[in-house]
Amino acid sequence: MSTPQTILKQYWGYDQFRSLQEDIIQSVLAGNDTLALLPTGGGKSICFQVPALIKEGVCVVVTPLIALMKDQVEQLNKRKISATAIYSGLSKREIDIKLDNCVYGQVKFLYVSPERLKTDLFRERLKKMTVALLAIDESHCISQWGYDFRPSYLEIATVRELLPDVPVIALTATATPEVQADIVEKLEFKTGHQHFQKSFSRANLSYAVREEEDKERKLLEVLKSVPGTAIVYARTRKRTKELAALLLKNGLSADFYHAGLSHEERVKKQDNWIKNRTRVIVATNAFGMGIDKPDVRVVVHLDVPENLEAYYQEAGRAGRDEKKAYAVIIYNQLDVELLKERITQEHPPPEFLKQVYQALANYYKLAVGSGEGQAFDFDVHAFSEQYRLNHLQVFYALKKLEEEGFVQLNESFYSPSQLHICVDNSTLYKFQIANAKYDTFIKAILRLYGGELFNGFLTISEDQIAKLLNTGTDKIVLALNRMAEMELVIYDEKKDKPQLVFTQPRQNAADLRLNKVRLKEREQTARKKLDAIINYVNHRSRCRTQLLLEYFGEVSYEKCGVCDYCITEKKKDNLKSETEYHQQIRHLIEERSLSVDETVEQINPKDKELFLEVIREMVDAGELKYN
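Keep in mind the model is a prediction, meaning the values are calculated, not measured.

Please provide a residue-by-residue account of the side chain of Lys-293, values included.
Tracing the chain through its elements places Lys-293 in the loop between β11 (280–283) and β12 (296–301). The exposure class of Lys-293 is buried, given its relative accessible area of 6%. At 2.9 Å, the side chain of Lys-293 and the side chain of Asn-276 are in polar contact. Only 3.0 Å separates the side chain of Lys-293 from the side chain of Asp-295, close enough to count as a polar contact. With residues near it in sequence (within four places) discarded, Lys-293 still touches Thr-229, Trp-273, Ile-274, Asn-276 and Arg-317.

Listed below in structure tokens is the structure:
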């Protein structure tokens, strides 16, 4: 019989679990509803993947992040674990086949976006599945008091009604006590549920804040004084490019990264950084999710982050190898004022939300009642120009419409081409005989991807097929589209532009049911979080780790000893001790000559290293001499 240890060794190659992982796994295996709070890089996925591999049936994983969903499916498949993902933008036929494979096939992990849970198709298939576990990733999204609220997460409780005996594990990296209580309540945890929380403290991570007028000069100073890999976070795409150019000009290996780049560019830049060909990556907050690079030595924020949750996650990408690392905010008071102004922009009035929603319906020519689940390429600048709107205000309006559950905007979206042969082998063979010009083409596809194309959707590369047939990629795309028109295959061509998805049927904009009370409360929550981050950056009289821990409901009476405040205090204490040691040594040696050991014995200093350093300095200055 498999045990957590044998599963961990078999699929991940590790001999032992990290702190709390095994306790969480045992809780899940005992059938308890379980809340697991593990900081970024704490190995949350293993906490549900290991028990799911022991239990019989499918593990349904709810997550809002399509990029992370795809990454985890890819990682599991590489380990020879069957996993699939369903998210907005897939064709109905593709969703149908994937759900069938979960009911009748050997799929072990089904990743779904929260919007999927409320659809009749999903619910009907879910009833037929043997479900082992329901895992809720990024579970803070269920709380409107959290920093990334999504109303679609509230649907999870209704799914539990269909799976009354299936335990739930909720996972998150950052949640205040208020949000933790909300998760337990909204997911309807059963009596006897378990709660595991790893300390938010990171003993190896030194937090620092620098108020500077010349932020670029300070950035160069930080990067030159801390060797090793670095991430620099900037607010805008334009700024990432400018800063990377500045660093290159000053002899530092750097590149920029943001969601507006093509998939190929993003992969290349990320790969160069992971493999240490690029030392510094300057990025918007689109960078870092799902990337596990343990040897990042410094993370610099060149603006004040929007809230402490986001800051803790982004700063936490430094020092995952548990060696000394630094998290630095470089800011000035203008940044603080701009952040206060942005809060108003980020919460547009309901009338403007309706105006943008109506413009979207016109833009995509959607009739009332249509469009649910449809994904469209979306260029915020082109859309804003057409309707003479400010693109930044449009972006914030879309985020609010997303929060309210009407649309979903996936900025850094990439979906490779998918192909499924939807006729049987004999029908395809007859087609090949009757259409000789397709024969070589079909044989090439089957040679590359095999008979699995008949069972479900496979990721394909048009470039690879073109190379095999010594032809152009455009001709491959044309042939696949023609076969799709003849209903021989289902072909989903790759997408590499931001995607806008209508998560509900298109409604009449004038009657759009916006929760005005909740919108107002969300704005108040955002302002409260803004006050907390401003308090953090302006604070000069307390250990920074203590400030962060307190925000997340963790009381610590121990100072971290490594943040900017603690180091300053240590220097002050050292200066005071140095003066005292200097006076004590002079007084003692004036009376009689002593050896160094005798001097140490007589004075018995609290800090022996510092005391010996003072003796060395006095010898160098000629105040003392050896006979």
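Can you break down the sheet that holds strand β5 (residues 131–136) residue by residue, with the values?
Strand order in the open sheet formed by seven strands is β3-β4-β2-β5-β6-β1-β7, and the pairing between neighbours is parallel. Edge positions in the open sheet fall to β3 (83–86) and β7 (194–197), since each of these has one partner strand only. Across the sheet, the mean angle separating the axes of adjacent strands is 15° when strand polarity is ignored. As judged from the four bridges shared by strand β1 (residues 34–37) and strand β6 (residues 168–172), these two strands associate in the parallel manner. If you follow Leu-37 over to β6, its bridge partner there is Thr-172.

Account for helix α3 (residues 44–54), naming residues and giving values.
The periodicity of an α-helix, 3.6 residues per turn, causes residues three or four positions apart to be oriented the same way. The buried count for α3 comes to nine of 11 residues, which makes it a mostly enclosed element. Regarding α3, the residues found buried are Lys-44, Ile-46, Cys-47, Phe-48, Gln-49, Val-50, Pro-51, Ala-52 and Leu-53.

Mind laying out the sheet that holds strand β18 (residues 489–492), listing which residues take part and the relevant values?
Across the sheet, three strands lie side by side as β17-β16-β18; this open sheet has antiparallel pairing. Only two strands of the sheet have a single neighbouring strand rather than two, namely β17 (458–459) and β18. Taken together, the four bridges between strand β16 (residues 418–421) and β18 define a ladder with antiparallel strand orientation. Residue pairing across strands places Ile-421 opposite Val-489, the latter belonging to β18.

Residue-level account of the confidence of the model for the chain, with values.
Taken as a whole, the chain shows an average pLDDT of 92; of its residues, 100% reach a score of 70 or greater. Put simply, helix α24 (residues 564–591) is where the chain has its lowest mean pLDDT, 85, and β12 is where it has its highest, 98.

With reference to specific residues and values, describe the packing of aromatic side chains.
One pass over the full model with this rule turns up 21 aromatic pairs. Relative to Phe-552, the ring of Tyr-551 lies with its centre 5.2 Å away and its plane at 80°, an arrangement referred to as edge-to-face. Classification of Phe-552 by relative accessible area gives buried; the value is 1%. Within the aromatic cluster, the residues linked to one another by ring pairs are Tyr-357, Tyr-363, Tyr-364, Phe-376, Phe-378, Phe-383, Tyr-387, Phe-406 and Phe-502. Sitting over the face of the ring of Trp-273, Lys-293 holds its NZ or CZ atom 5.6 Å from the ring centroid.

About the cut-offs
- Residues numbered from 1 in each chain as written.
- Predicted model: local features only at pLDDT ≥ 70, side-chain atom pairs only at ≥ 80, totals over all residues.
- Heavy atoms only, no water.
- Helix = DSSP H or I, 4+ residues; strand = E, 2+ residues; numbered from the N terminus.
- Buried < 20%, exposed > 50% of the residue type's maximum accessible area, 1.4 Å probe, protein only.
- Polar contact = N/O pair within 3.5 Å; in protein donor to acceptor, adjacent residues only side chain to side chain.
- Contact = heavy atoms within 4.5 Å.
- Pairing = 2+ DSSP bridges.
- Axes fitted to C-alpha atoms, helices over the stretch in contact; angles between N-to-C directions.
- pLDDT = per-residue confidence, 0-100.
- Phe/Tyr/Trp six-rings, centres within 6.5 Å; stacked < 30°, edge-to-face > 60°.
- Lys NZ or Arg CZ within 6 Å of the ring centre and 35° of its normal.

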